[in-house]
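The lines below spell out each chain.
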Amino acid sequence: MSRTVYVNGEYCAEEDAKISIFDRGFLMADGVYEVTSVLDGKLVDFDGHAKRLERSLKELDMASPVTMDELLEIHRELVKRNDLEEGGIYLQITRGAPADRDFAFPDPATTPSSIVLFTQVKNLANAPAAQTGISVISIEDQRWARRDIKTVQLLYPSMGKMMAKAAGADDAWMVEDGQVTEGTSNNAYIVKGRKIITRQLSNDILHGITRAAVLRLAKEAQMEVEERGFTIEEAQDADEAFITSATTFVQPVVSIDGETIGTGKPGNIALRLREIYIEESRAKAI
Ligand code: PDD
């Protein structure tokens, strides 16, 4: 069934949605995005995503075509028009479509930013991968140096997913200077005893909205949190490993580069964090 999507101020059927071939998102990957999960027809942590979006736009000196209040209304309207119970809303803002291809940024007064949103149906709370855990391989992190900005330059993460697939694994963790940065589209964690270890925030990783909530919940549950880098060897030797993102929530990792983690089954800490994260998200979703 055709979705209703949002493009530059209009709600329309997905097959009628149009963006210019001169759009800088298309020509230059000059755009930012957010993925907000939907549970029970409500938005999970909309504020966190809106704040990160504002920051991404500011870092790139890009104008927002809507206010954050309008953005909330558009998200809600899309949920309603598409009867979305569970899944996500993809949002993309680009530096718009100037009259021709040019490396220099266009004047925002004459070239407004483009905005696109669409819904995606996905089984989030009962995803089978959460029961079995996933396998990851390690790959070199070859992305640009501003990974804290959520841009649509996703070619290397896509290549990483394909490298994982070719190796018979589910995903890849990226490594820079010997230490894990993050997953191709998620943040990466290991667990030792009751201590959760994940890389500290910097320009090297995306500041995950799920990461922030999960670390807060872990501390509230009297778990210890250490924000520092770790190696693949340390991860292979850990009791548990897991990833977080808006599309996976907390998902256990059971093997890294073919080495089994812990018992080879999803760990108790990861499963407990997943449970409390989903519980809180349902309770607080708007
Ligand atoms: N990805 N790190 C990277 C590189 C990501 O692309 C993502 C999210 C995360 C987790 O961020 P959050 O918890 O805010 O979703 C970390 C989204 C889901 C995507 O690209 O589809």
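Given the structure is predicted, the values throughout are model-derived calculations rather than measurements. (Residues numbered from 1 in each chain as written. Predicted model: local features only at pLDDT ≥ 70, side-chain atom pairs only at ≥ 80, totals over all residues. Heavy atoms only, no water.)

(A) Expanded view of the pattern of salt bridges. Within this structure, the stated rule accounts for 25 salt bridges. Ionic pairing is found between Glu77 and Lys80, a salt bridge with its closest N-O pair at 4.0 Å. One end of the pair is Glu77 and the other is Lys80, both in helix α3 (residues 68-81) and 3 residues apart, which spans about a single turn. You can call Lys80 exposed: its relative accessible area is 60%. (Salt bridge = Lys/Arg side-chain N within 4 Å of Asp/Glu carboxyl O. Helix = DSSP H or I, 4+ residues; strand = E, 2+ residues; numbered from the N terminus. Buried < 20%, exposed > 50% of the residue type's maximum accessible area, 1.4 Å probe, protein only.)

(B) Structural view of a nonpolar patch on the surface. On the surface, Ile21, Phe22, Phe26 and Leu27 cluster together into a nonpolar patch covering about 390 Å² of accessible area. Topologically, Phe26 is positioned in helix α1 (residues 24-28). Here Phe26 falls in the exposed class, since its relative accessible area comes to 60%. (Patch = residues over 30% accessible without salt bridge, like charges linked within 9 Å, V, L, I, M, F, W, Y side chains within 5 Å. Areas by Shrake-Rupley, 256 points an atom, 1.4 Å probe, with all protein chains shown as cover.)

(C) The arrangement of the domain arrangement of the protein chain in detail. Taken as a whole, the protein chain is organised into domain 1 (4-121) and domain 2 (128-284). Each of domain 1 and domain 2 was reduced to a C-alpha centroid, and the two centroids are 26 Å apart. Counting from both sides, the interface comprises 20 residues of domain 1 and, opposite them, 20 residues of domain 2. Summing both sides of the interface, domain 1 and domain 2 together bury roughly 1900 Å²; the carbon and sulfur share of this comes to 61%. Taken as a group, Tyr33, Leu39 and Arg52 account for 33% of the area that domain 1 buries against domain 2, more than any other trio of residues on that side. Where domain 1 meets domain 2, there are 3 salt bridges. (Domains from an automatic or database assignment. Contact = heavy atoms within 4.5 Å. Buried area = accessible area lost by both parts, 1.4 Å probe.)

(D) Summary view of the site of the ligand. Residues in close proximity to the ligand total 20 residues, the closest being Tyr33, Arg52, Glu182, Ile209 and Thr210. Within the side chain of Glu182, an N or O atom sits 2.6 Å from a nitrogen atom of the ligand. Take Ala246: an N or O atom from its main chain is 2.9 Å from an oxygen atom of the ligand. Counting residues per element, the ones that place at least two in the shell around the ligand are β3 (31-39), α2 (46-59), β9 (179-183), α6 (209-220) and β13 (240-245). Partitioned by chemical class, the residues of the shell around the ligand number 5 nonpolar, 11 polar and 4 charged. Split by domain, the shell around the ligand shows at least three residues from each of two domains, domain 1 (4-121) and domain 2 (128-284). (Near = heavy atom within 4 Å. Polar contact = N/O pair within 3.5 Å; in protein donor to acceptor, adjacent residues only side chain to side chain. Nonpolar A, V, L, I, M, F, W, Y, C, P; charged D, E, K, R; others polar.)

(E) Region of interest: the packing of α6 against helix α8 (residues 268-284). Put simply, α6 and α8 touch, their axes get as near as 10 Å, and they point 110° apart. On the basis of the axis angle, α6 is roughly perpendicular to α8. By crossing handedness, the relation of α6 to α8 is classed as right-handed. Counting all contacts with α6, which are made through Thr210, Ala213, Val214, Arg216, Leu217 and Ala218, the residues of α8 involved are Leu273, Ile276, Tyr277, Glu280 and Lys284. Residue classes in the contact of α6 with α8 are distributed as 7 nonpolar, 1 polar and 3 charged. (Axes fitted to C-alpha atoms, helices over the stretch in contact; angles between N-to-C directions. Parallel < 35°, antiparallel > 145°, perpendicular 65-115°, else oblique. Left-handed = near helix turned anticlockwise from the far one by under 90°.)

(F) Inspection of the environment of Gly96 at higher detail. Mapped onto the elements, Gly96 comes out in the loop between β5 (87-94) and β6 (114-121). Judged by its relative accessible area of 0%, Gly96 is buried. In this structure the C-alpha to C-alpha distance between Gly96 and Ala63, which are 33 residues apart in sequence, comes to 9.7 Å. Sequence-distant contacts of Gly96, defined by excluding residues within four places in its chain, comprise Phe22, Asp23, Arg24, Thr111, Pro112, Ser113 and Ser114.

(G) α8, seen in detail. Taking 1.5 Å as the rise per residue, α8 with 17 residues should run 24 Å; its terminal C-alpha atoms sit 24 Å apart, in good agreement. By the burial criterion, the buried members of α8 are Ile269, Ala270, Leu273, Arg274, Ile276, Tyr277, Ile278, Glu280 and Ser281. (Expected span 1.5 Å × (residues − 1).)

(H) Representation of the pairing of strand β14 (residues 249-256). Burial analysis of β14 places 8 of its 8 residues in the buried class, the great majority of the element. Inspection of the sheet shows strand β7 (residues 134-140) paired to β14 by 3 bridges, in the parallel sense. Bridging from a neighbouring strand, Val136 pairs with Ile256 of β14. One ladder, built from 5 bridges, connects β13 with β14; its direction is antiparallel. Residue pairing in the sheet places Ser245 in a bridge with Phe249 of β14. Hairpin remark: β13 followed by β14, antiparallel, with 3 residues in the connecting loop. Summarising the sheet, β14 and strand β15 (residues 259-260) pair through 2 bridges and their orientation is antiparallel. Across the sheet, the residue bridging to Ile256 is Glu259, located in β15. Between β14 and β15, which pair antiparallel and follow one another directly, the connecting turn spans 2 residues, one of which, Asp257, has a positive phi of 50°. (Pairing = 2+ DSSP bridges.)

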